[in-house]
Amino acid sequence: MLLRNAKLATQIGTAPYGLIEHGAIAIDGSRISWVGVDNEIPVEFSHLSEVNLEGRLITPGFIDCHTHIVAGGNRAQEFEMRLNGASYEEIARSGGGIVSTVNATRAASESDLVAEALPRVDALIAEGVSVLEIKSGYGLDKDTELRMLRAARQIEKERPVKVVTTFLGAHALPLEMANQSDHYIDEVCIPTLLAAHAEDLVDAVDGFCEGIAFQPNQIARVFDAAKKLGLPVKLHAEQLSNLGGAKLAASYGALSADHIEYLDEQGVKAMAKAGTTAVILPGAFYTLRETQQPPIDLLRLNRVPMALATDSNPGSSPLTSLLLTMNMGCTLFRMTPEEALAGVTKNAAKALGLSDCGSLAAGMRADLAVWDVDHPAELSYRIGFNSLFTRFFGGRA
């Protein structure tokens, strides 16, 4: 088909948003075959059936590049306890925190996990999302981690969305292995990674490098195992403190370092040199009422690509709106609307190592979002309003 009479935020070129004011897109099957100015459509596409979009905006399909959307249960009761004055220790003693999610996830079947995740996935699709990253990390044992990854793969079969899976065995230490973090990494996490890879369940490997999780030398052992398997890595880094996680990730050529509120200049420069994307997660910052902001100006200065993602998870970011995430990135961290849109399109694709989506160009997947807006800035400006007109996934509306 030929989509005509549209504004195009191509995410390519030097113009803001890569904007073409009067544009058209030719789609051949699941791919884009041509993008350009409406009155310069090549004759070879003149036979295609035309769709008049009446001046609406087309962006690449959105990409949520960091989620924990497959998980058992929720932590609404914990949320309520915290607002009624309960301390972290009191919540933990009552079975709250990540232990609650681990227990619920371990008790859930694969079909249960898929069924719980689908409404959250549907909410993202309804906002133009075409690619979704899903992490494991709430099993912390072999059987449950594999079950989570199988559920993530199943979602791609249940819904019109591309799923990228990430193994996050190094997320937290299970209660049954308290004070045995080295033993957990070597005897549970890495063997589970090998099993998941053998079953073709893993597209990338992640870890949580933090005082409450794992130390850099432990993450390095996981990354070494990933490297031997030919899998790319990424890292939850510098969220609550600075252990040098981003620098470590960059030394492995990581796709991304995520959260990074406590990232310093040395870490930023290491990321810039390695081509590692910074994934900004305002949902967790908001939910946890943090005050330390990621170094947006330093990232800009060093030309580190910035992606935005929901971090959708039961505890610190029960968020399923990428549009709200964009607004949060602008309002909380002073990102620009142009940076926010790049953060959920071309830079989010980069954070996942994908080269066939995230921009509007010939040869790219025909994953498109069509919006009832006059200007791309409106996508970040509005709060709690979804202006999606229609969505194309692989060339199909």
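Residues numbered from 1 in each chain as written. Predicted model: local features only at pLDDT ≥ 70, side-chain atom pairs only at ≥ 80, totals over all residues. Heavy atoms only, no water.

How we decide: UniProt positions are given in the numbering used here, feature names are shortened, and annotations may be inferred rather than shown by experiment.
The name given to the chain in an unreviewed UniProt entry is Imidazolonepropionase, with the source organism recorded as Shimia abyssi. Of the comments in the UniProt record for the chain, the one headed Subcellular location (unreviewed entry) reads "Cytoplasm". As recorded by UniProt, the Function (unreviewed entry) comment attached to the chain reads in full: "Catalyzes the hydrolytic cleavage of the carbon-nitrogen bond in imidazolone-5-propanoate to yield N-formimidoyl-L-glutamate. It is the third step in the universal histidine degradation pathway."

Points about helix α3 (residues 98-107)
In plain terms, the rule: The classification of residues rests on relative accessible area computed with a 1.4 Å probe and restricted to protein chains. Under 20% of the type maximum is buried, over 50% is exposed, and intermediate values are partly exposed. By definition, any uninterrupted DSSP run of H or I lasting at least four residues is a helix, any uninterrupted run of E lasting at least two residues is a strand, and each is numbered from the N terminus. In this description, the arc belongs to the directions extending from the helix axis to the C-beta atoms. The contact criterion used throughout is that any non-hydrogen atoms of two residues lie within 4.5 Å.
Those residues of α3 that sit buried are T101, V102 and T105. The arc that holds every buried residue of α3, seen down its axis, measures 100°, which confines them to one face. Where α3 is buried, its residues contact α4 (110-125) and α5 (142-158).

A look at the nonpolar core
Stated precisely, the cut-off is as follows: Take the buried Ala, Val, Leu, Ile, Met, Phe, Trp, Tyr and Cys residues and link them wherever side-chain atoms come within 4.5 Å; each set so joined is a nonpolar core. Boundaries between domains were set according to an automatic or database domain assignment.
In terms of nonpolar packing, the biggest core is built from 88 residues, with F62, I155, I280 and L299 touching the most fellow members. Looking at this core element by element, the count peaks at eight residues for helix α6 (residues 181-198). Split by domain, this core shows at least three residues from each of two domains, domain 1 (2-60 + 359-392) and domain 2 (62-352). For L299, the residues in contact, after removing those within four places along its chain, are I260, L263, V268, A278, I280, V304 and M306. In this structure, I27, L53, I58 and L368 belong to the second largest nonpolar core, which totals 15 residues.

Let's talk about the layout of surface pockets
Formally: A cavity here means a set of 1 Å grid points, computed over protein atoms only, where a 1.4 Å probe fits but cannot escape. A pocket is an open set with protein on both sides within 12 Å along at least 5 of 7 lines, and lining residues have an atom within 4 Å of a point. Grid points are joined across faces, edges and corners, and a volume is the space filled by probe spheres set on the points. In this classification, the charged set is Asp, Glu, Lys and Arg, the nonpolar set is Ala, Val, Leu, Ile, Met, Phe, Trp, Tyr, Cys and Pro, and all remaining amino acids, among them Gly, are polar.
In this model, the second largest pocket occupies a volume close to 300 Å³. What lines the second largest pocket is a set of 17 residues, among which E338, E339, A342, K346 and N347 lie closest to the centre. Only α11 (296-301), α13 (337-343) and α14 (346-351) provide two or more residues apiece to the lining of the second largest pocket. Split by residue class, the lining of the second largest pocket holds seven nonpolar, five polar and five charged. A domain split of the lining of the second largest pocket shows at least three residues from each of domain 1 (2-60 + 359-392) and domain 2 (62-352).

Re the pairing of strand β10 (residues 234-237)
On a regular strand, one side chain projects to one face of the sheet and the next to the other, so that they alternate. For clarity, the threshold we go by: When DSSP finds two or more bridges between two strands, those strands count as paired. A right-handed crossover is one whose linking path, passing over the helix from the first strand to the second, runs clockwise when the strands point away from the viewer.
Here β10 shows two buried faces, one formed by K234 and H236 and the other by L235 and A237. Where strand β9 (residues 204-209) lies against β10, two bridges are found, and the strand directions are parallel. Along β10, the bridge assignment pairs C209 with A237. Viewed along the sheet, the connection from β9 through helix α7 (residues 216-229) into β10 turns out right-handed. Two strands pair when backbone bridges link them, and β10 and strand β11 (residues 256-259) are joined in this way by four bridges, in the parallel orientation. Within β11, the position partnered with A237 by the bridge is H259. Handedness of the crossover joining β10 and β11 through helix α8 (residues 245-251): right-handed.

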